[in-house]
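Architecture at a glance
So the chains spell out like this:
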There are 2 protein chains.
Amino acid sequence: MTTPEHKTMPTHPRHLSSVTAWDMETDVVVAGFGGAGACAAIEAHDNGAAVMIFELASDSGGSTKLSSAEIYMGAGTRVQQACGIEDSVEDMFRFLMASNGPIADEAKVRAYCEGSVEHFDWLTKTLGVPYKDSVYPHRAIMALTDDCLLYTGSEKAWPFAQTAQPAPRGHNLQVEGDNGGALFAKILKENVEKRGIGVHFEARALTLITDDEGAVHGLVVRIDQQERLVRARRGVVLCCGGFVMNESMLRKHAPMLLGATQPIGNPGDTGSGILMGQGAGGSAINMHEGFVSVPYYPPASLTNGIFVNAQGQRFINEDCYHGRVGYYCLQQPGQRVFLVASASDFGDYPQGSYLNAQFAGTAEESVAELENELQLPAGSLQQTVAYYNAHATQAEDPLFHKSPEWLKPLELPLAAVDCSPGRGAFYPFFTLGGLDTRVSGEVLTPEGEVIRGLYAAGRTACGVPRTAAGYCSGISVGDASFSGRQAGRSAATRD
Amino acid sequence: MTTPEHKTMPTHPRHLSSVTAWDMETDVVVAGFGGAGACAAIEAHDNGAAVMIFELASDSGGSTKLSSAEIYMGAGTRVQQACGIEDSVEDMFRFLMASNGPIADEAKVRAYCEGSVEHFDWLTKTLGVPYKDSVYPHRAIMALTDDCLLYTGSEKAWPFAQTAQPAPRGHNLQVEGDNGGALFAKILKENVEKRGIGVHFEARALTLITDDEGAVHGLVVRIDQQERLVRARRGVVLCCGGFVMNESMLRKHAPMLLGATQPIGNPGDTGSGILMGQGAGGSAINMHEGFVSVPYYPPASLTNGIFVNAQGQRFINEDCYHGRVGYYCLQQPGQRVFLVASASDFGDYPQGSYLNAQFAGTAEESVAELENELQLPAGSLQQTVAYYNAHATQAEDPLFHKSPEWLKPLELPLAAVDCSPGRGAFYPFFTLGGLDTRVSGEVLTPEGEVIRGLYAAGRTACGVPRTAAGYCSGISVGDASFSGRQAGRSAATRD
């Protein structure tokens, strides 16, 4: 008996007893051929398993391919050492724990940091991912040269710099421009192909196949309008991305993200992997959180500016990561946010900027002009600027501890752009909630039991990155590739 | 075949095919005899169903009994009308939608407001709950007299007063002191008893009984160390409270609440109802949110004070609800929060106050003294107080729009108490996440399908109250009693 496809929903696993014959059999089934799925498949294969990948799209890459594919690694990678960057497992660990705050998963962060150098070596030596032994020294969202190392989080910013020795850990591939994702996806695909791993494109994973005890035995996929029952002798690894393209799930779980403007991901990020996992008894956690950003640099000089809210008050040290700033922008009472800076610090804004915020006011002769134009409470912005300037002159920021590197008095003429959520500024976002997993990738029930035969990785799982407030670029592709490997290996070597 | 009890976990539903004989049979099984469960049972009975209640504790009442049992009702209740209070469904609706923000459930809020007068009449006429036709006119967390109506939310505060006509909607039972919960629980129990509804105390609900299609047919309970299989011909209503007493679930889902100090609830609030629902395919939503409070009034005069953060900045209008203030306290960067007020406004603090915060500094001759004692950035508090006072003199608060009623300049001597989370101040909390349900109480899967035969109410469900930032006292007991009735009626009348 097979249920008609139109009735199959991800949360309704097919019962093993309904399977009269398998259409395909292998050891490890990987659902999704993005960054996580590719790494899961490669690692499963290299650990002795027969592997099949089923991918909804017509080609591989997923959201990883659409990204810069910077990877957050540290603790002394080859590039860090070659560039004379000091880093350690402990500093990386302390930074990721502090920046993710109380929702950090200590075991995952620990494994990620302790495994980082090995992961770098695997990417370079096993897969052949090229990284130049060089530093991209600018404050930037991504490197547009072929240089490698850049700061991609809030490592140098308060309060994190006080907790852990900062180091640049964003590893940009050796390719000109923002083309890391395409190159990384190409290398992953070549590695899958040369291993002879079976790949089915345009194959939609419909639901899991489970037994009376809840153990997972396979996957129902649809290929050429037909259901195929695929047996996974050792395990199914769900690598189907997050749910940023599923508006109903966003509304239900992560309404905070609806204040942002631009979903980042591929059309397959519909949450289907999360739903399949839930249907098999898995627990979804951290579903309210996501990455969100207000990408106000480049130009880096805007870091000399200040963000103010509807009260004309600052609320953040402006030298921290754009995602952290974006997170706090969404929390401001009244939801009005302006970036105020000396006109000279706008450089050639908006050219070369991602922000897309409109100019909302200028101050030629006094801050009061700008305050008035922005309809801020009388005196509020003047007071904020006076206090800021008096201390910036001393290279101090007693309120938010912005680094002296970015402290200089705001000088007339000033200008302000309107970064209020929903008023034109670019707020990209994606989800950070997903299936609760062990470091091994094993999917857990709400009571913390392992679901036998079921694994998840990448944004289908809830991994190392847990909040925009502590995000750093490269941590999602880093987590996807790292967690994909863990899951692939666990499935392949399951006893 | 019955699985040994020690192996039974809430998330492992028992399969119907394993049931060889039922130990008990009824139409509607209610798990939990708190406020929600009692109302579910009464309403199910009054709609023609045979009902059984299974309660873990040795008596009824649950967390409702431990509360003030204020109930949030409006739109023109008898008491409101008698006291000349104007209110409407639309004002109540607009307030609850605005205060709950983007995570509000519009259908639930709509039903709650449209049904509010009828719910009041049911409580008074059907159950016999006494409310005096009087107003308790003070700004307070609860009424300590037998008067009825009080403001228990942020209705009169910015920005809500701009959105909806304020009205007092907290209905305090006609009983002296904070004894509403005991009286309400007594009345509920008497109503259950006089209907002849079967009640089993010291009966632990273990897990649900489901069939191949996922429909719910009964409940496994443990009574006198023995498992009993209870058939529910029409439905099981889960009214087992929230998960505030389950530290592992708090850590996994709601780490924000770990910044608070005192769980509010009864020992049975372990999340077992949520877990049972999840085991049967139900979706848990809003699991990160909770009620949290910093109960700084009474004395109401402290509303004349200001809350400042580690930057010496205000962040809230101090005339809003203590739960909303508590929520924002937990969000402040640096997690340092002080309540600064004229010494005279402290009255006889700490006597009669719930806050328990320690005095952290005083200013006899200048604000600078206090700023220094609190180790706030030099000039920051002075600037904040100067700006506040200059406008308070004009009965204005251009930053946060505190009502003129509470605006008077801060006058020396000043004192400050330390409300920083984790430094002694009382931060009570409970959870607001639970099973996703329809207005009817039907439990939904992650894809929004109804699970046949399964209902949830009270804090086992995710109901009207969704965030401390928009909370109002009486909304949880209000939601428990209202949603309990909906679920009881739905189960009883299921086709």
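Predicted, not measured: the structure shown is a model, and the values here were computed from it.

Some points on the overall build of chain A
Looking only at helices and strands, chain A has 13 helices and 21 strands in total. Against the 2.2 N^0.38 benchmark of 23 Å for 495 residues, chain A shows a C-alpha radius of gyration of 24 Å, consistent with a compact globule. Dimensions of chain A, computed from the C-alpha atoms along their principal axes, are close to 80 × 50 × 40 Å. Taking all contacts inside chain A whose residues are at least 6 apart in sequence as the whole, residues at least 24 apart take part in 73%. Working note: accessible area of chain A is about 16,900 Å², and carbon and sulfur atoms make up 48% of it. The average position of the 37 basic charges and that of the 55 acidic charges among the side chains of chain A differ by 6 Å.

Observations regarding the relation of the copies chain B and chain A
Structural alignment of chain B on chain A gives an RMSD of 0.0 Å, achieved by rotating through 180 degrees and translating 0.0 Å along the axis. Such a combination of rotation and displacement between the chain copies is what one expects of a two-fold axis. When the interface residues of chain B are mapped onto chain A, 100% of them again lie at the interface, so the same face is used by both copies.

Focus: the pattern of salt bridges
With the rule as written, the count across this model stands at 58 salt bridges over all chains. Between Asp-146 of chain B and Lys-132 of chain B there is a salt bridge, and its shortest N-O distance comes to 2.9 Å. Of this pair, Asp-146 of chain B sits in the loop between α6 (116–127) and β5 (149–150) while Lys-132 of chain B sits in the loop between α6 and β5; the two residues are 14 residues apart in sequence, bridging distant segments of the chain. Accessibility expressed as a relative area gives 28% for Lys-132 of chain B, which makes it partly exposed. Residues joined in a network through salt bridges with shared partners are Glu-25, Asp-27, Arg-231 and Arg-233 of chain A.

Observations regarding the environment of Asp-147 of chain A
Residue and element names in this part refer to chain A. Secondary-structure assignment places Asp-147 in the loop between α6 (116–127) and β5 (149–150). Taking the C-alpha atoms as reference, Asp-147 lies 5.4 Å from Ser-134; in sequence the two are 13 residues apart. Every residue in contact with Asp-147, bar those within four places of it in the chain, is listed here: Lys-132, Ser-134, Val-135, Tyr-136, Asn-172 and Leu-173. In terms of polar contacts, Asp-147 uses its side chain to reach the side chain of Ser-134, at 2.6 Å. A distance of 3.0 Å separates the side chain of Asp-147 from the side chain of Thr-145, its partner in a polar contact.

Quick look at the packing of helix α4 (residues 89–100) of chain A against helix α5 (residues 106–114) of chain A
Residues and elements named next belong to chain A. Following both chains from N to C, one finds α4 and α5 inclined at 145 degrees, their axes separated by 9 Å at the closest point. The crossing of α4 and α5 is right-handed. Contact residues: Val-89, Glu-90, Met-92, Phe-93, Leu-96 and Met-97 in α4; Glu-106, Val-109, Arg-110, Tyr-112, Cys-113 and Glu-114 in α5. Looking at side-chain class alone, the contact of α4 with α5 contains eight nonpolar, no polar and four charged residues.

Points about the interface of chain B and chain A
Taken together, the contact pairs 33 residues of chain B with 33 residues of chain A. For the pair chain B and chain A, the two sides together bury roughly 3,200 Å², of which 58% comes from carbon and sulfur. If you sort the residues of chain B by the area they bury against chain A, Gln-313, Gln-383 and Glu-447 of chain B come out on top, with a joint share of 17%. At the junction of chain B with chain A, the criterion picks out two salt bridges. Residues Lys-252 of chain A and Asp-436 of chain B are paired through a salt bridge, measuring 2.9 Å at the closest nitrogen-oxygen approach. Along the contact surface separating chain B from chain A lie ten residue pairs in polar contact (both at pLDDT 80 or more). Those elements that place two or more of their residues in the side of chain B that touches chain A are α8 (247–253), α9 (272–279), β12 (284–285) and α12 (380–392) of chain B.

Description of helix α5 (residues 106–114) of chain B
Residues and elements named next belong to chain B. Among the residues of α5, those classed as buried are Lys-108, Val-109, Ala-111, Tyr-112 and Cys-113. Buried residues belonging to α5 abut β4 (71–72), α4 (89–100), α6 and α13 (475–492). The backbone nitrogen of Ala-107 has a side-chain oxygen 3.2 Å away, supplied by the residue at the start of α5, namely Asp-105.

Description of the sheet that holds strand β15 (residues 337–342) of chain B
Residues and elements named next belong to chain B. Read across the sheet, four strands follow the order β14-β15-β17-β16 without closing on themselves; strand pairing throughout is antiparallel. At either margin of the open sheet sits one strand with a lone partner, and together these are β14 (306–309) and β16 (358–363). If you compare each strand with its neighbour and ignore which way they point, the axes differ by 30 degrees on average. Sheet topology note: the β14/β15 ladder contains four bridges and is antiparallel. Its bridge partner being in β15, Asn-309 is matched across the sheet by Val-337.

Comments concerning the domain arrangement of chain A
Where interface size is given, it is often the accessible area lost as the parts come together that is meant. Residues and elements named next belong to chain A. By domain assignment, chain A separates into domain 1 (5–66 + 181–291 + 430–492), domain 2 (71–178) and domain 3 (300–418). The gap between the C-alpha centroids of domain 1 and domain 2 is 25 Å. Taken together, the 34 residues of domain 1 in the interface contact 31 residues of domain 2. Contact between domain 1 and domain 2 buries roughly 2,600 Å² in total, counting both sides, with carbon and sulfur atoms accounting for 66%. Of all residues in domain 1, Val-464, Phe-482 and Arg-485 give up the largest surface area on contact with domain 2, accounting jointly for 23% of the area buried on that side. Here domain 1 and domain 2 share two salt bridges between them. The closest approach of N and O atoms between Arg-485 and Glu-118, which form a salt bridge, is 3.0 Å.

Rules used in this analysis
- Residues numbered from 1 in each chain as written.
- Chains lettered and ligands numbered in written order.
- Predicted model: local features only at pLDDT ≥ 70, side-chain atom pairs only at ≥ 80, totals over all residues.
- Heavy atoms only, no water.
- Helix = DSSP H or I, 4+ residues; strand = E, 2+ residues; numbered from the N terminus.
- Rg over C-alpha atoms; globule rule 2.2 N^0.38 Å.
- Contact = heavy atoms within 4.5 Å.
- Areas by Shrake-Rupley, 256 points an atom, 1.4 Å probe, with all protein chains shown as cover.
- Lys, Arg positive; Asp, Glu negative; His and termini not counted.
- Charge placed at Lys NZ, Arg CZ, Asp CG, Glu CD.
- Least-squares fit on C-alpha atoms with pLDDT ≥ 70 in both.
- Salt bridge = Lys/Arg side-chain N within 4 Å of Asp/Glu carboxyl O.
- Buried < 20%, exposed > 50% of the residue type's maximum accessible area, 1.4 Å probe, protein only.
- Polar contact = N/O pair within 3.5 Å; in protein donor to acceptor, adjacent residues only side chain to side chain.
- Axes fitted to C-alpha atoms, helices over the stretch in contact; angles between N-to-C directions.
- Left-handed = near helix turned anticlockwise from the far one by under 90°.
- Nonpolar A, V, L, I, M, F, W, Y, C, P; charged D, E, K, R; others polar.
- Buried area = accessible area lost by both parts, 1.4 Å probe.
- Pairing = 2+ DSSP bridges.
- Domains from an automatic or database assignment.

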